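# Structure at a glance
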Amino acid sequence: MPNQNQNKISLPVIKRLPRYFRLVHELKDRGINTVSSSELAALLGTTASQVRQDFNCFGGFGQQGVGYNVDLLFRELEKLLYSGRELDTILVGTGRLGRTISGFLASEATGFRLVAAFDNAPGEIGRALGQLTVLDVATLQDFCKKHKPQVAVLCIPEQSAAELAPTLLQLGIKGFWNFSNYDLAADSPGVTVENVHLGDSISSLGFQVRNAEAPRA
């Protein structure tokens, strides 16, 4: 049974949960019934002790000497991550990146329901976006007041994100998935921010590739 006092769980542990869930999902699909902390650790590139510590934050899911029942672990992780309910989500910015992200939200992002998309470009407003029609960003406040979405995905320039974020907070947005180059600060109680910098990620990759030790002859 997961620990109910989950507000004290550290951010690194929370960030590892989706990786655990993805790997356990793969094990389940392969028909594997049990997995040990050592086996999970090898797949994650961590230690068995770390796996056990992480799971103990939620009350523990295994049985000493037996390991973890994969089906049970899958269900418990699914419950922790998604709680059996979807979060109503809006997308702001429907250019190339926004349309790619909307496709991911519609097909792969468990636990989120894209309910509206907004843009300010005349060429975007009124266009189809999956099952939705892109709305004028000028209608965003009225939409949020009426439908009360919980999450906003920002695929807009940094200046626009900086200007819009305070308004979205006032409208009750509790989570931001932010793809602008502006780092939103999670300085409001109960608000979570994930700043995603694609440039940072590929720059880090490039650094590591360029500075890798040359193979010996």
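Above this text sits the structure in question.
Note that the structure is predicted; figures quoted are calculated from it, not measured.

Right, let's talk about the pattern of salt bridges for a bit. According to the stated counting rule, one finds seven salt bridges in the structure shown. For the salt bridge of R16 with D54, the shortest nitrogen-to-oxygen distance reads 2.7 Å. Of this pair, R16 sits in helix α1 (residues 11-29) while D54 sits in helix α3 (residues 48-56), and the two are 38 residues apart along the sequence. Under the relative-accessibility criterion, R16 is labelled partly exposed at 23%. Note that K79 is salt-bridged to E76, the shortest N-O span being 3.7 Å. One end of the pair, K79, and the other, E76, are both in helix α4 (residues 70-82), three residues apart, so they sit about a helical turn from each other. The exposure class assigned to K79 is partly exposed, which follows from its relative accessible area of 48%. Given a relative accessible area of 10%, E76 falls into the buried group. Three or more residues joined by partner-sharing salt bridges are found here, namely E86, D88 and R113.

Strands sit in the order β7-β4-β3-β8-β9-β10 across an open sheet of six strands; the sheet is parallel. A single partner strand is all that each edge strand has here, and the edge strands are β7 (135-136) and β10 (192-195). Sheet analysis places strand β8 (residues 151-154) next to strand β9 (residues 175-178), joined by four bridges and oriented parallel. Within β9, the position partnered with V153 by the bridge is W177.

All right, on to the environment of R16 then. The spatial distance from the C-alpha of R16 to the C-alpha of D54 is 8.5 Å, given a sequence separation of 38 residues. Setting aside its immediate chain neighbours within four residues, R16 contacts Q50 and D54.

Between its first and last C-alpha atoms α1 spans 28 Å; for 19 residues at 1.5 Å apiece the expected length is 27 Å, and the two agree. If you check which residues of α1 are buried, you get V13, L17, Y20, F21, L23, V24 and L27. Once α1 ends, the next one or two residues include G31, with phi positive near 80 degrees.

Although it is not a glycine, K148 adopts a positive phi angle of roughly 55 degrees. Considering the arrangement of structural elements, one finds K148 in the loop between α6 (140-147) and β8. Residue classification places K148 among the exposed residues on the basis of a relative accessible area of 56%.

One turn of the α-helix equals 3.6 residues, which is why residues spaced by three or four share an orientation. An ideal rise of 1.5 Å per residue puts 18 Å on 13 residues; α4 measures up with 18 Å between its terminal C-alpha atoms. On its buried face, α4 sits against α1, β1 (34-35), α2 (37-44), α3 and β2 (68-69). Backbone geometry just downstream of α4 places S83 in the positive-phi region, at approximately 55 degrees.

Along the chain, T94 turns up in the loop between β3 (87-92) and α5 (96-107). Looking at T94, the relative accessible area reads 0%, which means it is buried. Once you skip the residues sitting within four places of it in the chain, T94 turns out to touch R99, A117, F118, D119, E124, L129 and V134.

Basis of the calculations
Residues numbered from 1 in each chain as written. Predicted model: local features only at pLDDT ≥ 70, side-chain atom pairs only at ≥ 80, totals over all residues. Heavy atoms only, no water. Salt bridge = Lys/Arg side-chain N within 4 Å of Asp/Glu carboxyl O. Helix = DSSP H or I, 4+ residues; strand = E, 2+ residues; numbered from the N terminus. Buried < 20%, exposed > 50% of the residue type's maximum accessible area, 1.4 Å probe, protein only. Pairing = 2+ DSSP bridges. Contact = heavy atoms within 4.5 Å. Expected span 1.5 Å × (residues − 1).

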